[in-house]
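So the chains spell out like this:
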Amino acid sequence: MNNKIIFTLISILLLSACAPSKRYSSKETSQTLDASKAHFSWFDYAGNDDIFNKPLAADEFQNPILAGVHPDPSIVRVGKDYYLINSTFGFFPGIPIYHSTDLVNWTQIGNAIHRPEQMPFDDIYLTNNGVYAPAIEYRDGIFYIINTCVNCGGNFVVTATGPAGPWSDPIWMPHLIGIDPSIFFDDDGKTYVVHHRDPEGDKKRYPAHTALWVIEVDPVTFEQLSDDVMLVDAGDEAPWNTDYHEGPHIYKVDGTYYLSAPGGGTGYYHQQLIYRSDDIFGKYEPNPNNPILTQFGLPDDRENPVTATGHADMFEDTNGDWWAVFLATRIYDLPDNQDPGYFHTGRETFMLPVTWQDGWPTILEKGEVLPYTVKKPNLPPAQPVSRATTGNFTVREQFTEKTLAPHWLFVRTPHSTWWQTGNNVLSMEPRNERLGERKQPSFIGRRLAHMKASFSTKVTFSPQSITEEAGLLALQNDEHYYTFGLGLNKSDETVLRIRQRAGKDSPTHGTVLAEKIINANSDNSIELRMDIDKSQLDFSYSLDGKNYQLLVDNADAKILTSAVAGGFVGAVVGMYAEGGMYAEGSKE
Ligand code: 6LW
């Protein structure tokens with residue numbers, strides 16, 4: 001026996017002697033699992049919205065193009081390729097990059113904030129701080145994303161030579177005041193940043209009074225080269241809604257500068273406005289037909305209402321046809337015109353053709369209802385994507401790879417690797433950073449993309465103490481969530497527990513809705529499922545993988561909406577493992 005073999009044998013003996021006493025194996029992985037962790041064999045997601053059951057004609061595409069929380073879209077075309085990005089607030093990785101060649105089939109190819117050291121999403125509010133309203137541009141082989149990290153550093157630019165990344169560390173722009181910046185590369189080589197901020201000094205007359213501004217910047221360092229010039233003082237005199245005039249973009253079409261920006265706030269009154277000028281610094285003339293997109297003013301009792309249309313980015317395809325991507329919300333209830341209505345799918349990304357008349361673009365004629373199905377762009381059809389971004393679909397996540405696919409989301413920035421994936425298992429340490437505490441809990445999830453959906457997992461977990469719990473989670477923010485997990489009670493019996501946190505006044509770790517002593521399988525595995533249907537949420541479990549038992553039905557799913565929780569996102573659902581949570585959430 002050589003030294004290497006002897007050393008390996010000794011290591012194996014030592015490791016088994018030090019291993020936790022409870023060890024078990026999982027059929028799926030046929031490997032020994034570390035009993036100190038929670039292990040997830042798969043995660044199933046099935047979405048089934050009525051509106052998506054309507055057959056789609058071969059020449060049509062489905063709106064939204066990106067279902068589930070995908071707000072503030074920005075898009076750039078590079079040759080025949082289109083790249084689209086969205087806001088992600090305090091979730092990590094941040095700012096997804098989607099790619100398409102036909103504007104119908106979209107694939108997430110990466111994220112712009114993908115290294116923990118790039119951006120500090122620590123301690124911030126998850127759903128109204130962090131990165132929002134990013135804008136993407138391209139010039140001479142380089143992709144640029146400009147954005148604001150709200151309460152985490154301010155305005156910045158990241159760059160990449162390939163859209164999938166790696167993306168650079170941020171170039172911070174301390175001189176740039178306000179939020180929602182976008183870059184405009186003029187054809188004379190100059191670079192500008194147009195952004196949203198308050199009017200100067202005492203000129204701000206009411207809380208929603210904002211303005212649109214532009215600066216010229218150095219194209220490499222993004223240092224300021226000109227004064228910050230106000231282009232539109234939103235004020236309250238315009239015949240259209242200029243409240244919270246934000247998210248501006250500049251385009252140059254046939255020598256004319258177009259300044260387009262949403263107004264009305266990002267809810268019920270949301271709309272898109274446009275101005276034009278011969279000079280980038282103005283004076284900008286408003287389109288007499290503003291707004292060029294809104295659903296405000298339509299009857300509230302229309303079927304399957306979509307509201308909050310706005311925050312558009314317009315672009316020209318390879319045929320010279322113009323399109324707009326924008327955000328909107330599919331609401332399931334609008335009690336007493338209550339802005340913004342109830343929806344847990346977040347602000348999603350939609351797309352419509354843009355028509356031009358008399359030198360002005362229109363996204364949707366006034367009074368028209370936003371269509372769910374639209375004639376496809378006249379572009380060569382791409383291969384259907386393997387992971388659907390809209391319509392009804394089912395997907396089983398199997399954790400075969402050593403790295404997580406780019407659509408998985410963490411709550412804030414992880415600073416240690418507490419998860420492992422590969423060989424058909426996702427393992428997590430039940431760490432003592434808990435939900436509700438504005439920390440970085442052991443949770444990995446995906447966007448909830450349907451009003452009606454089921455999501456389930458098979459968890460194998462042997463809680464080592466009363467403080468541990470692992471299972472399925474539906475999250476809106478730190479103060480609004482449901483957990484459904486395996487834990488121990490005070491008598492050391494294994495229990496299945498459902499907790500609900502429904503507001504900041506509810507206990508940090510939620511209150512127990514149900515706790516059932518359970519004989520989990522001999523390998524400590526159980527299947528857990530949540531079924532959401534608009535405002536209702538059901539919880540069931542299965543020990544044999546076939547028959548599911550209902551544990552709680554009809555829980556209030558409205559706590560998963562921003563109408564109840566505040567903030568700017570939709571629900572994210574996935575798997576969690578926690579330590580140190582029992583006492584406060586217990587019934588006893
Ligand atoms: C964002 C603003 C907006 O800053 O919502 O709808 C805000 N538009 O532009 C948060 O996403």
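You'll find the structure just up there.
Attention here is on the structure that accompanies the text.

Criteria and thresholds
Residues numbered from 1 in each chain as written. Predicted model: local features only at pLDDT ≥ 70, side-chain atom pairs only at ≥ 80, totals over all residues. Heavy atoms only, no water. Near = heavy atom within 4 Å. Polar contact = N/O pair within 3.5 Å; in protein donor to acceptor, adjacent residues only side chain to side chain. Areas by Shrake-Rupley, 256 points an atom, 1.4 Å probe, with all protein chains shown as cover. Helix = DSSP H or I, 4+ residues; strand = E, 2+ residues; numbered from the N terminus. Buried < 20%, exposed > 50% of the residue type's maximum accessible area, 1.4 Å probe, protein only. Contact = heavy atoms within 4.5 Å. Pairing = 2+ DSSP bridges. Axes fitted to C-alpha atoms, helices over the stretch in contact; angles between N-to-C directions. Disulfide = S-S within 2.5 Å. Phe/Tyr/Trp six-rings, centres within 6.5 Å; stacked < 30°, edge-to-face > 60°.

1. Comments concerning the site of the ligand
In step 1: Around the ligand there are 13 residues in total, and Asp-72, Asp-180, Thr-266, His-311 and Arg-347 lie nearest to it.
In step 2: A distance of 2.7 Å separates an oxygen atom of the ligand from a polar side-chain atom of Arg-347.
In step 3: The fraction of the free accessible surface of the ligand (300 Å²) that becomes covered by protein chains is 98%.
In step 4: Contributions of two or more residues to the shell around the ligand are made by strand S10 (130–139) and strand S14 (179–185).

2. Details of unusual backbone geometry
In step 1: Across the junction of Gly-165 and Pro-166, the peptide omega takes the value 5°, indicating a cis bond.
In step 2: With respect to the helices, strands and loops of the structure, Pro-166 is situated in the loop between strand S12 (154–160) and strand S13 (171–172).
In step 3: With omega at -5°, the peptide bond leading from Asn-290 into Pro-291 counts as cis.
In step 4: By the element assignment, Pro-291 lies in the loop between strand S21 (285–286) and strand S22 (293–294).

3. Regarding the environment of Ala-112
In step 1: Summarising the element assignment, Ala-112 is placed in strand S9 (residues 107–113).
In step 2: A relative accessible area of 0% means that Ala-112 is categorised as buried.
In step 3: Apart from residues lying up to four places away in sequence, Ala-112 is in contact with Gly-94, Ile-95, Ile-97, Gln-118, Ile-145, Val-158 and Trp-167.

4. Observations regarding the side chain of Asn-111
In step 1: Mapping Asn-111 onto the fold places it in strand S9.
In step 2: A polar contact is formed between the side chain of Asn-111 and the side chain of Gln-108, at a distance of 3.1 Å.
In step 3: In contact with Asn-111, not counting residues within four places along its chain, are Pro-93, Gly-94, Ile-95, Pro-96, Ile-97, Trp-167 and Pro-406.

5. Thoughts on the side chain of His-39
In step 1: Relative to the assigned elements, His-39 resides in strand S3 (residues 38–47).
In step 2: On the basis of relative accessible area, His-39 is assigned to the buried category, the value being 3%.

6. With respect to the pairing of strand S35 (residues 480–488)
In step 1: Burial of S35 is extensive: nine of the nine residues sit out of reach of the surface.
In step 2: The alternating pattern of S35 places His-480, Tyr-482, Phe-484, Leu-486 and Leu-488 on one face and Tyr-481, Thr-483, Gly-485 and Gly-487 on the opposite face, and all of these are buried.
In step 3: Two strands pair when backbone bridges link them, and strand S34 (residues 469–477) and S35 are joined in this way by eight bridges, in the antiparallel orientation. Residue pairing for S35: Leu-475 is matched across the bridge by Tyr-481.
In step 4: Counting the residues between successive antiparallel strands, the hairpin from S34 to S35 contains two residues.
In step 5: Note: S35 against strand S36 (residues 494–502), nine bridges, orientation antiparallel. Looking at S36, one finds that Gly-487 is bridged to Val-495.
In step 6: The antiparallel hairpin formed by S35 and S36 contains five residues in its connecting segment, where Asp-492 sits at a positive phi of about 65°.

7. Quick look at the sheet that holds strand S5 (residues 74–78)
In step 1: As summarised here, the arrangement of the four strands in space is S5-S6-S8-S9, forming an open sheet in which the pairing is antiparallel. The two strands at the open ends of the sheet, each matched to only one other strand, are S5 and S9. For this sheet the average axis-to-axis angle between neighbouring strands, irrespective of direction, equals 25°.

8. Describing the sheet that holds strand S11 (residues 142–150)
In step 1: Spatially, S10-S11-S12-S13 is the arrangement adopted by the four strands of the open sheet, whose pairing is antiparallel. Two strands bound the open sheet, and with one partner strand each, they are S10 and S13.
In step 2: Sheet analysis places S11 next to S12, joined by seven bridges and oriented antiparallel. Bridged to Ile-145 within S12 is Val-158.

9. Details of the state of the cysteines
In step 1: With the rule as written, the count across this model stands at one disulfide.
In step 2: Note that Cys-149 is cross-linked by a disulfide to Cys-152, the S-S spacing being 2.0 Å. Across the S-S bond linking Cys-149 and Cys-152, the dihedral sits near -95°, which makes this disulfide left-handed. Of the two residues, Cys-149 and Cys-152, neither departs from the other in class, the shared state being buried.

10. A closer look at the packing of aromatic side chains
In step 1: Considering all chains together, one arrives at 29 aromatic pairs under this definition.
In step 2: Summarising the aromatic geometry, the rings of Phe-399 and Trp-408 are spaced 5.9 Å apart at their centres and angled 40° between planes, so their arrangement reads as tilted.
In step 3: Owing to a relative accessible area of 7%, Phe-399 belongs among the buried residues under this scheme.
In step 4: On the basis of an interplanar angle of 90° and a centroid distance of 5.5 Å, the ring pair of Phe-484 and Phe-539 is categorised as edge-to-face. Here Phe-484 is found in strand S35, whereas its partner Phe-539 is found in strand S39 (residues 536–542), with 55 residues between them in sequence.
In step 5: A relative accessible area of 0% means that Phe-484 is categorised as buried.
In step 6: Aromatic ring contacts, followed pair by pair, group Phe-184, Tyr-192, Tyr-257 and Phe-281 into a single cluster.

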